[in-house]
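Here's the letter readout for the chains.
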Protein chains: 2
Amino acid sequence: MNRPTEDALVDEVRALLASDDALLVPPGHDCGAVELEGGVVVATTDALVEGVHFAPGTPWEAVGAKALLVNLSDLAAAAALPVGFEAAVVAPPDRAAEALPALARGLADVARRFACPCLGGDLNAGPGPVVVAVTVVGRPGPGGLVTRAGARAGDVLSVTGPLGGAGAGRHLAPRPRLEEAQTLVRHGVPHAMMDLSDGLGLDLARLARASGVGAWLDADAVPVHPDVVATARGSALEHALGDGEDFELLVAHAPLAATDTARLAAEGVTLLPVGRVVDRERGLRLRHGDETVPLVARGWDHLRAQDAEGA
Amino acid sequence: MNRPTEDALVDEVRALLASDDALLVPPGHDCGAVELEGGVVVATTDALVEGVHFAPGTPWEAVGAKALLVNLSDLAAAAALPVGFEAAVVAPPDRAAEALPALARGLADVARRFACPCLGGDLNAGPGPVVVAVTVVGRPGPGGLVTRAGARAGDVLSVTGPLGGAGAGRHLAPRPRLEEAQTLVRHGVPHAMMDLSDGLGLDLARLARASGVGAWLDADAVPVHPDVVATARGSALEHALGDGEDFELLVAHAPLAATDTARLAAEGVTLLPVGRVVDRERGLRLRHGDETVPLVARGWDHLRAQDAEGA
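Below is a short write-up of the structure. (Residues numbered from 1 in each chain as written. Chains lettered and ligands numbered in written order. Predicted model: local features only at pLDDT ≥ 70, side-chain atom pairs only at ≥ 80, totals over all residues. Heavy atoms only, no water.)

### Concerning the relation of the copies chain A and chain B
- If you rotate chain A by 180 degrees and push it 0.0 Å along the axis, it lands on chain B with an RMSD of 0.0 Å. The superposition operator between the copies reduces to a two-fold rotation axis. Relative to the rotation axis, the closest C-alpha in chain A is found at G39 of chain A, a distance of 2.9 Å.
- Of all interface residues in chain A, 100% are interface residues in chain B too; the two copies therefore contact each other through one and the same surface. (Least-squares fit on C-alpha atoms with pLDDT ≥ 70 in both. Contact = heavy atoms within 4.5 Å.)

### Observations regarding the interface of chain A and chain B
- Counting from both sides, the interface comprises 73 residues of chain A and, opposite them, 73 residues of chain B.
- Carbon and sulfur atoms make up 57% of the area that chain A and chain B hide from each other, which totals about 5,600 Å².
- Remark: the boundary between chain A and chain B carries zero salt bridges.
- Taken together, chain A and chain B are joined by nine residue pairs in polar contact (both at pLDDT 80 or more).
- The dominant element in the side of chain A that touches chain B, judged by the number of residues it contributes, is strand 2 (residues 40–49) of chain A, at nine residues.
- Here the residues of the side of chain A that touches chain B sort into 40 nonpolar, 16 polar and 17 charged.
- Relative to strand 1 (residues 32–35) of chain B, strand 2 of chain A is paired through four bridges, and the arrangement is antiparallel. Paired with V42 of chain A across the bridge in strand 1 of chain B is A33 of chain B. (Buried area = accessible area lost by both parts, 1.4 Å probe. Salt bridge = Lys/Arg side-chain N within 4 Å of Asp/Glu carboxyl O. Polar contact = N/O pair within 3.5 Å; in protein donor to acceptor, adjacent residues only side chain to side chain. Helix = DSSP H or I, 4+ residues; strand = E, 2+ residues; numbered from the N terminus. Nonpolar A, V, L, I, M, F, W, Y, C, P; charged D, E, K, R; others polar. Pairing = 2+ DSSP bridges.)

### Overview of the pairing of strand 7 (residues 190–195) of chain B
Residue and element names in this part refer to chain B.
- Across the six residues of strand 7, six count as buried, placing the element largely inside the fold.
- The pairing of strand 7 with strand 9 (residues 249–253) spans five bridges and is classified as antiparallel. Bridge pairing in strand 9 places A192 opposite A252. (Buried < 20%, exposed > 50% of the residue type's maximum accessible area, 1.4 Å probe, protein only.)

### Details of the environment of V90 of chain A
- Among the structural elements, V90 of chain A can be located in strand 3 (residues 80–91).
- The contact partners of V90 of chain A, leaving out residues within four places of it in the chain, are N124, A125, G126, P129, V130 and V131 of chain A together with A47, V49 and V131 of chain B.

### Here's the deal with the packing of helix 2 (residues 60–77) of chain A against helix 3 (residues 93–113) of chain A
Residues and elements named next belong to chain A.
- Close contact between helix 2 and helix 3 brings their axes to 6 Å; oriented N to C, the two are set at 45 degrees. Relative to helix 3, the element helix 2 is oriented oblique. Pair helix 2 / helix 3 crosses with right-handed handedness. Within the contact between the two elements, helix 2 uses W60, E61, V63, G64, A65, L68, L69 and L72 and helix 3 uses R95, E98, A99, A102, L103, R105, G106, L107, V110, A111 and R113.
- Tallied by class, the residues present in the contact of helix 2 with helix 3 amount to twelve nonpolar, two polar and five charged. (Axes fitted to C-alpha atoms, helices over the stretch in contact; angles between N-to-C directions. Parallel < 35°, antiparallel > 145°, perpendicular 65-115°, else oblique. Left-handed = near helix turned anticlockwise from the far one by under 90°.)

### Digging into the side chain of H239 of chain A
- In this structure, H239 of chain A sits in helix 6 (residues 236–242).
- With near-sequence residues (within four places) excluded, H239 of chain A lies in contact with G164, V228, V229, A230, T231, R233 and G234 of chain A.

### Here we look at the sheet that holds strand 8 (residues 214–218) of chain B
All names here are of chain B.
- Ordered in space as 7-9-6-10-8-11-12, the seven strands form an open sheet in which the pairing is mixed. Each edge of the open sheet carries a strand with a single partner, namely strand 7 and strand 12 (291–294). Here the average twist between neighbouring strands, direction ignored, is 25 degrees.
- Two strands pair when backbone bridges link them, and strand 6 (residues 156–159) and strand 9 are joined in this way by four bridges, in the antiparallel orientation. Within the sheet, the bridge partner assigned to L157 lies in strand 9 and is A252.
- Sitting on the sheet, helix 2 (residues 60–77) is in contact with strand 7 and strand 9, with an inclination near 170 degrees to strand 7.
- Packing against the sheet, helix 4 (residues 178–186) makes contact with strand 7 and strand 9, and its axis sits at approximately 170 degrees to strand 7.

### Looking at helix 3 (residues 93–113) of chain B
All names here are of chain B.
- For helix 3, which comprises 21 residues, the first-to-last C-alpha distance of 30 Å matches the rise-based estimate of 30 Å (1.5 Å per residue) to within 8%.
- Here helix 3 has its buried residues at A96, A99, L100, P101, A102, L103, A104, G106, L107, A108, V110 and A111.
- Immediately beyond the C-terminal end of helix 3, within one or two residues, lies A115, with a positive phi of roughly 50 degrees. (Expected span 1.5 Å × (residues − 1).)

### Some points on the environment of A173 of chain A
- Within the secondary structure, A173 of chain A sits in the loop between strand 6 (156–159) and helix 4 (178–186).
- Sequence spacing of A173 of chain A and V42 of chain A is 131 residues, and the spatial spacing of their C-alpha atoms is 23 Å.

### Digging into unusual backbone geometry
Residue and element names in this part refer to chain A.
- With omega at 0 degrees, the peptide bond leading from G128 into P129 counts as cis.
- Residue position: P129 is located in the loop between strand 4 (118–125) and strand 5 (131–140).
- A positive phi is found at A79, a non-glycine position, where the angle reads about 60 degrees.
- The residue A79 is located in the loop between helix 2 and strand 3 in this model.

Written out as structure tokens, the structure is:
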């Protein structure tokens, strides 16, 4: 088989990723560049590994789309807005010609939908599995950035949608909550925020740690996604807490009046309360009615590549 | 073996990468952020694959250092300056605990030397080989950006150092020509610039294409690095043109007076002339004395993972 050269394949991919945005330096040079109004730059990176984050045989368009979407979800968590992205792909030479243009189409589709142009990329041979590492550069929205660190005792913990069961297919097309984050910030809601990628159990432990607080979850309030099927490995609640790849926002905020919740809903943001922030000494607990048990921070540990119990 | 959890390992790595720079949002949140004076953001990405870009068994410190250095070399090519970096690592779980802290030390050492703080990262399990994908965010230097696109017929082509033989070990510690690029721009020298990663033969073809020009190289002028040993696979000149990973700058510029060259040398920039830019119709040629032959754009094609002939 007469394989295309790297340069030919890069040309094909570059054409697929061509952007209408006014780039100061377009792809094809050593660095991409884009002009910013303000002076703050935000960046986040996430890699997808074949066989770990997507099954072999998954359409490459979906893989490319997911690679950018998960990074945009991280931007949303910071209430940031996209500026552009870089993509590094490692692929076996004999699969690159098939995979790359499709990956690029998936990336380009998401790039257009979220105004996040391609700034550049890098293509490398490897024995497999295919790795797609995307870095998104962003900027703060008009209301500034939000971190994981601002939660305080007394805050309500809410999520922007139901959790669990994303492995059924939903994980391939997460919906980054960029607009929702901007709406929340415009109304001064978030004290702290993060996106749920590794499961509410593990991710909440991370937010609590960053904020120096404890947290209680209400078992009856955790919204279980219809995709969840209770299995021998766990109850529906355990799946909602531990499956991961939900890509909803977890928000710590002051208690809201019903009118505030209604106003947010009218602007397209659902906030589902799942628990409370407490003093650090009270730890992480799961409340079942009047009883509480320690919240085992089950979730996705990337190094164990399986459900794991975090700190 | 009792492996550390992902979060424990990430903590260890984060401590190694902690920066004195005033980061608006430090690592540990969903996005890193850094404040910029100006409004232009530059970004570049490069991934290193075990067994392709570095031999198995290479000290991880050296791999981490190289992963950042090659990206800084791309910044230098654009006459940009570093703002910060993101790193995504894919590693087998049973090797992560050994590899990651050492990788982080290598990254941190280079980050300090070049004032390029870590903005964040991503850690993922994979079956191997280890992949280290780094993205550097930058900003233009005071003289603005330089691209591959400004070369014009009549320009001299120069390189900032001898070429070839980097595989003997030099490739692990490339020296990004960030300062040299700033000096060149301060003196208004570069019309077009790029860094030589895949070999002068192939890279010159890329610069010529981006600029819409042809180019002639003078075989007697190409500076062959002392590391080059002529082999059955090629003469010393062929190695200098095709080995790759030189990470010197290729600069297209107006002919310089001897006093200009001397002044640059006094400021630490060596410009070694290797050829001329010509009209596109005259193509890419290699001059041996009075004769010229077509320049076969030999160099490193990442998809063929071998010496290849480009367009």
